[in-house]
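Coordinates in review
Now for the letters of each chain:
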Amino acid sequence: MKYYDKLIFELSKPGRIGFSLPECETGANIPAKLRRESELVLPEVSEPDVVRHYTNLSQMNFGVDTGFYPLGSCTMKYNPKINEEIASLDGFRALHPLQPEQTTKGAREVIASLEKALAAITGMKRFTFLPCAGAHGELTGLMLMREYHMKRGDSARRKVIVPDSAHGTNPASAAVCGLDIVVVKSKENGLVDVEALKPLLGPEIAGIMMTNPNTLGLFEREIAQIAELVHGCGGLLYYDGANMNPLLGTVRPGDMGFDIMHLNLHKTFSTPHGGGGPGSGPVGVNDKLAELIDIPKVSGFHGNFGIMLRAYAYILMLGKENIALAGKLATLNANYIKESLKDCYKLPIDSICKHEFVFDGLAEPNGVTTLDVAKRLLDYGYHAPTIYFPLLFHQTIMIEPTETESKETIDGFIEVMRKIAQEALQDPELLHRAPVSTPIGRPDETTAARQPIVKCEC
Ligand SMILES: *Cc1c(COP(=O)(O)O)cnc(C)c1O
């Protein structure tokens, strides 16, 4: 058992103290009815015990600063440290949303400049920064879609078309917004089936939600025709821009015909995410909806300003030329991994991908599942890719390397993935048992997420 496998309460020794306060000379003036009746149960530990305990715990974490993190769809992009420095400048950090307007001009200028930059990158006209996550942005965007139709007296439009490859948040957001979901299926090649879309269109359609490149990392080449068809029936096009990485500086959703979109600043624009921390999912709209942009008040004040600062710093740091390079390198890296591994992992759609792609398990599984592969990667010090999503295949492994990784890092990952494919043939038991080197191996993830035990009962 490692020292830090214990809870801080289990390290407690009666009478041990880390810090002592002077006697209170004035006497605490707390009314009797507010005073606790029993002793406060706190761990009795020394200062080094506390420091080591929490430092060791912090080192059990895995992040993009500790290793390669190829989590498809989630774009675990490296967070440049200059973003953090800028967000921690006193003039920004010490702001309060209720301070007088004339003292917050700089902050408001940052928001306006970021809006301009995002409008230029996406081809949208206006943005709202109130949404605090991608899914929050989807809900906001759909509220705008509803508002647009209602304003025109078109209240029968209550259905939203969502491709079967969509991120789970798309149908969830539509449902939360009170809209009905109509699924359009994909073809063998992973792209939306335009012929299957046609009969779904009509006077009840509010719009379609699309991700492009879609969650398989494939560019929807027929997007212009899809836009024409959906607009033709009076619907709007919603763009899920959570993963706009490969298009940055090259292709704009506005030019593809999209009317409303969200971005995940905490993916594409390099701000930190994970663990439900602060995010930002700004929503952009084109001319048609520009005047409605401020209607949905989905959070207080201006949204997560610290995240906006980081995104703005990132955009300024890269500039116009380099931001396009980010998308191109992310695409190159994904294709390089795909081509290097497609002899030992099953590639269901063999075509050029954008920033990510999916395998459908091992080419020769030998009883080894995608979960086994993902668990074994942890033993080699890598974060696992996204698994079992999207739902189009049974053993999906979704890999997204991002642009900042060196060829050496990517080659190291490829080597380990090949080694695991070998192990599957030689010693499948080893893979069923993996991971063998982490503090916890295979928790019941559903129960751990739904009924977490976060309180010590000792
Ligand atoms: C991550 C993601 C979302 C949701 O973003 P959150 O910030 O997690 O709410 C939506 N769509 C796609 C394609 C995503 O990758």
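Residues numbered from 1 in each chain as written. Predicted model: local features only at pLDDT ≥ 70, side-chain atom pairs only at ≥ 80, totals over all residues. Heavy atoms only, no water.

So, on to the sheet that holds strand β7 (residues 283-285). Taken in spatial order, the seven strands line up as β1-β7-β6-β5-β4-β2-β3 in an open sheet, and their pairing is mixed. Each having just a single partner strand, β1 (126-128) and β3 (180-184) make up the two edges of the open sheet. Averaged over all pairs of adjacent strands, the angle between strand axes in this sheet comes to 25°, irrespective of strand direction. Two strands pair when backbone bridges link them, and strand β4 (residues 205-210) and strand β5 (residues 236-241) are joined in this way by four bridges, in the parallel orientation. Across the sheet, residue Gly 207 finds its bridge partner in β5, namely Leu 236. Sheet strands in contact with helix α8 (residues 223-232) are β4 and β5, and its direction is about 140° off that of β5. (Pairing = 2+ DSSP bridges. Helix = DSSP H or I, 4+ residues; strand = E, 2+ residues; numbered from the N terminus. Axes fitted to C-alpha atoms, helices over the stretch in contact; angles between N-to-C directions. Contact = heavy atoms within 4.5 Å.)

Before going further, it helps to examine the packing of helix α4 (residues 105-122) against helix α10 (residues 305-341). Look at α4 against α10: their axes get within 10 Å of each other, and the N-to-C directions meet at 45°. One element, α4, and the other, α10, form an angle in the oblique class. Handedness of the crossing formed by α4 with α10: left-handed. The residues of α10 that touch α4, namely those facing Ala 107, Val 110, Ile 111, Ser 113, Leu 114, Ala 117, Leu 118 and Ile 121, are Phe 305, Met 308, Leu 309, Tyr 312, Ile 315 and Ile 323. Looking at side-chain class alone, the contact of α4 with α10 contains 13 nonpolar, one polar and no charged residues. (Parallel < 35°, antiparallel > 145°, perpendicular 65-115°, else oblique. Left-handed = near helix turned anticlockwise from the far one by under 90°. Nonpolar A, V, L, I, M, F, W, Y, C, P; charged D, E, K, R; others polar.)

If you walk across this open sheet you meet the three strands as β8-β10-β9, and the pairing is antiparallel. Both outer strands of the open sheet, β8 (357-360) and β9 (386-387), are each paired with one neighbouring strand and no more. Direction of pairing for β9 relative to strand β10 (residues 396-399): antiparallel, over a ladder of two bridges. Pairing of Ile 387 across the sheet is with Ile 397, part of β10.

Counting 48 residues, the largest nonpolar core has Leu 118, Ile 226 and Phe 269 as its most contacted members. Of all the secondary structure elements, the ones that give two or more residues to this core are α4, β3, α7 (194-197), β4, α8, β5, β6 (260-263) and α10. No other element matches the eleven residues that α10 contributes to this core. Those residues in contact with Phe 269, other than ones at most four positions away along the chain, are Leu 118, Ile 121, Leu 248, Leu 263, Asn 264, Ala 311, Tyr 314, Ile 315 and Ile 323. (Core = buried A, V, L, I, M, F, W, Y, C linked by side-chain atoms within 4.5 Å. Buried < 20%, exposed > 50% of the residue type's maximum accessible area, 1.4 Å probe, protein only.)

Here Pro 31 lies in the segment before α1 (47-59). Linking Pro 31 and Ala 120, residues 89 residues apart in sequence, is a C-alpha distance of 61 Å.

As a matter of local geometry, the ligand sits amid 13 residues, with Ser 73, Gly 134, Asp 240, His 266 and Lys 267 nearest to it. Taking Asn 243, its side chain carries an N or O atom lying 3.2 Å from an oxygen atom of the ligand. Within the complex, 86% of the 380 Å² of free accessible area of the ligand lies under protein. Here the shell around the ligand gets three residues from one element, more than from any other, and that element is helix α5 (residues 134-151). Of the residues contributing to the shell around the ligand, the split by class is three nonpolar, seven polar and three charged. (Near = heavy atom within 4 Å. Polar contact = N/O pair within 3.5 Å; in protein donor to acceptor, adjacent residues only side chain to side chain. Areas by Shrake-Rupley, 256 points an atom, 1.4 Å probe, with all protein chains shown as cover.)

Looking now at the pattern of salt bridges. Under the defined criterion, the tally for this structure stands at 24 salt bridges. Each member of the salt-bridge network shares a partner with another, and the members are Lys 338, Glu 339, Lys 342 and Asp 350. (Salt bridge = Lys/Arg side-chain N within 4 Å of Asp/Glu carboxyl O.)

This part covers the packing of α5 against helix α6 (residues 169-176). At a closest axis distance of 9 Å, the pairing of α5 and α6 adopts a crossing angle of 45°. Classified by the interaxial angle, the pair formed by α5 and α6 is oblique. The way α5 lies across α6 gives a crossing that is right-handed. Listed contacts from α6 to Ala 135, Glu 138, Leu 139 and Leu 142 of α5 are Thr 169, Asn 170, Ser 173, Ala 174 and Val 176. Of the residues contributing to the contact of α5 with α6, the split by class is five nonpolar, three polar and one charged.

Before going further, it helps to examine a nonpolar patch on the surface. On the surface, a nonpolar cluster with roughly 320 Å² of combined accessible area is contributed by Val 50, Tyr 54, Leu 57 and Met 60. For Met 60, the location among the structural elements is in the loop between α1 and α2 (81-87). (Patch = residues over 30% accessible without salt bridge, like charges linked within 9 Å, V, L, I, M, F, W, Y side chains within 5 Å.)

Time to look at the environment of Glu 445. Mapped onto the elements, Glu 445 comes out in helix α14 (residues 445-450). With relative accessibility at 47%, the residue Glu 445 sits in the partly exposed group. Placed 265 residues apart in sequence, Glu 445 and Asp 180 show a C-alpha to C-alpha distance of 30 Å. In terms of polar contacts, Glu 445 uses its side chain to reach the side chain of Lys 375, at 3.3 Å.

A disulfide bridge is the covalent bond that connects two cysteines by way of their sulfur atoms. Enumeration over the complete set of coordinates arrives at zero disulfides. Cysteine Cys 177 is unpaired, with the sulfur of Cys 132 as its nearest cysteine sulfur at 17 Å. Owing to a relative accessible area of 17%, Cys 177 belongs among the buried residues under this scheme. (Disulfide = S-S within 2.5 Å.)

For the rest of this paragraph, the subject is the packing of aromatic side chains. This structure, assessed with the given rule, holds nine aromatic pairs. Aromatic side chains Phe 62 and Tyr 69 sit 5.6 Å apart centroid to centroid with 65° between the ring planes, which places their arrangement in the edge-to-face category. You can call Phe 62 partly exposed: its relative accessible area is 27%. The class of Tyr 69 is buried, set by a relative accessible area of 12%. Aromatic ring contacts, followed pair by pair, group Phe 68, Tyr 382 and Phe 413 into a single cluster. (Phe/Tyr/Trp six-rings, centres within 6.5 Å; stacked < 30°, edge-to-face > 60°.)

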